[in-house]
Amino acid sequence: MTSKSKLSQVVSFETADGSTTLVDEERNLHYRSRHGAKSESQHVFLDGTNLRRQKGEWRVVELGFGAAVNFTQTVAAFRKSKSVERLIYHSVDWRPVTARHLDFHCGEGGILARRALAAVHDGQHTLVEIESTDGAIELHLHARPWDEVQLPPNWADAFFFDPFSKRANPEAWTTASFSRAKAAMDDGARLATYSAATSVKQAMFKAGLWVASAPGPGRKREMTVASPSREPLDGLTLLERSRYLEKS
C-alpha cells in the first residue's frame with residue numbers, strides 16, 4: 001500500500017480533452033496523458049485491444065489501476081454495448097490511491113472504483129471483489145505486486161498494459177512481466193500499451209508474443225499491440241522478431 005505521505009502528493013489534473021486524471025507532484029508522474037485522459041484510454045486500450053468489437057462477455061486484465069480512467073471508460077462502453085452481457089475486470093496495482101482521489105469520476109464506474117479502493121484501504125486487503133447492482137460487472141482489484149497475482153490461465157480477451165513508465169517502474173516492463181501477461185491471455189486476445197520503446201518490444205518478443213505497431217493517440221506517433229498468436233494483429237504493422245532480438 002502507498003504511505004499517506006506519498007498519497008498526499010497525488011492530486012487531480014485536468015487534461016487537454018477536458019477529462020481528469022491524477023498526477024504525483026513529487027515524482028512528476030501523470031497517471032494518464034496530459035493531452036487527454038479519456039481519449040488516450042479509449043484509443044490505446046479499448047480500441048487497441050479490439051475490446052469493443054467483442055460480444056457476449058468482456059474479460060479484461062489491467063496492469064495499473066491508477067486513476068481508474070481505463071476502468072470507468074470500459075464500464076461506460078460496456079453499458080452502451082447491445083451485444084455484451086457481462087464485464088469481468090481484473091486490475092493489478094500494488095500501490096493504489098484512495099477512494100477520495102477519485103472523486104472526479106461520475107457514474108457507475110466511478111462508484112465501483114471508489115468502493116473497491118475503500119475496501120482495499122479500510123481493511124488492508126490485497127484482493128477486493130466488487131459487483132454492480134445487477135451483477136453484470138465484476139471488478140477484482142489486486143493490491144499486490146504483479147508477480148504475486150494469480151489469474152486464470154488463457155482467460156483474458158484483452159490486456160491493458162498500463163503501468164508507469166519504465167523509468168518509474170522498470171520491473172513492470174521485463175520479459176518476465178510480459179510472460180505473466182501472455183499466460184493470462186486467450187490465444188485470440190490483444191495486449192495494448194502506450195509504449196513504443198525498442199526495449200519494450202524486445203521484452204515482448206522474448207516472452208513469446210507476436211508484436212505489432214499501431215498509430216498512437218493524439219500527438220504520440222506510435223503505440224504497441226501484442227498477442228499470443230498472429231491472427232489477432234491482422235491490419236496492424238507486424239514487426240519482425242529477428243530484427244528486434246538481434247538488438248538485445
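Predicted, not measured: the structure shown is a model, and the values here were computed from it.

Draft legend 1. Main features of the side chain of E62. Mapped onto the elements of the fold, E62 is located in strand β4 (residues 56-63). An unpaired buried charge is present at E62: no salt bridge exists, and R32, the closest side chain of opposite charge, is 6.1 Å distant. Within the local environment of E62, its side chain forms a polar contact with the side chain of Y89, the two groups lying 3.1 Å apart. Beyond its immediate chain neighbours, meaning those up to four positions away, E62 contacts N70, F71, Y89, H90, S91, V92 and F160.

Draft legend 2. Local environment of the pattern of salt bridges. Applying the stated criterion across every chain yields a total of 10 salt bridges. With a shortest N-O distance of 3.0 Å, D24 and R27 are connected by a salt bridge. Residue classification places D24 among the buried residues on the basis of a relative accessible area of 5%. Residue class for R27 comes out partly exposed when judged on its relative accessible area of 37%. One connected set of salt bridges, linked through shared partners, spans R32, E40 and D162.

Draft legend 3. Structural view of the nonpolar core. Counting residues in hydrophobic clusters, the biggest one holds 75 residues, and the most contacted among them are F159, F178 and L191. Discounting residues that sit within four places of it in the chain, L191 has contacts with F159, F161, F178, A181, M185, M204, T224, V225 and A226.

Draft legend 4. View of the sheet that holds strand β2 (residues 20-24). A sheet is described by the order of its strands in space; here 3 strands give the open sequence β1-β2-β3, paired in antiparallel fashion. Where the open sheet ends on each side, the last strands, each with one partner, are β1 (10-14) and β3 (29-30). Here 5 bridges tie β1 to β2, and the two strands are oriented antiparallel to one another. Note that in β2 the partner of F13 across the bridge is T21.

Draft legend 5. Seen up close, the sheet that holds strand β12 (residues 237-238). The strand order across the open sheet built from 9 strands is β6-β7-β5-β4-β8-β9-β11-β10-β12, with neighbouring strands paired in mixed fashion. A single partner strand is all that each edge strand has here, and the edge strands are β6 (127-131) and β12. Judged from the 3 bridges that link them, strand β9 (residues 185-193) and strand β11 (residues 222-227) form a sheet pairing that is antiparallel. Within the sheet, the bridge partner assigned to T193 lies in β11 and is T224. Against the sheet, helix α2 (residues 37-47) contacts β8 (156-161), β9, β10 (210-215) and β11, and its axis sits at roughly 160° relative to β9. Packing against the sheet, helix α5 (residues 175-184) makes contact with β4, β8 and β9, and its axis sits at approximately 135° to β9.

Draft legend 6. Representation of the environment of L139 within the structure. Among the structural elements, L139 can be located in strand β7 (residues 137-142). Residue L139 is classed as buried on the basis of its relative accessible area of 0%. Contact partners of L139, with chain neighbours within four places excluded, come to F65, F71, Y89, L112, A113, A116, V128, E129 and I130.

The rules behind these values
- Residues numbered from 1 in each chain as written.
- Predicted model: local features only at pLDDT ≥ 70, side-chain atom pairs only at ≥ 80, totals over all residues.
- Heavy atoms only, no water.
- Helix = DSSP H or I, 4+ residues; strand = E, 2+ residues; numbered from the N terminus.
- Buried < 20%, exposed > 50% of the residue type's maximum accessible area, 1.4 Å probe, protein only.
- Lys, Arg positive; Asp, Glu negative; His and termini not counted.
- Salt bridge = Lys/Arg side-chain N within 4 Å of Asp/Glu carboxyl O.
- Polar contact = N/O pair within 3.5 Å; in protein donor to acceptor, adjacent residues only side chain to side chain.
- Contact = heavy atoms within 4.5 Å.
- Core = buried A, V, L, I, M, F, W, Y, C linked by side-chain atoms within 4.5 Å.
- Pairing = 2+ DSSP bridges.
- Axes fitted to C-alpha atoms, helices over the stretch in contact; angles between N-to-C directions.

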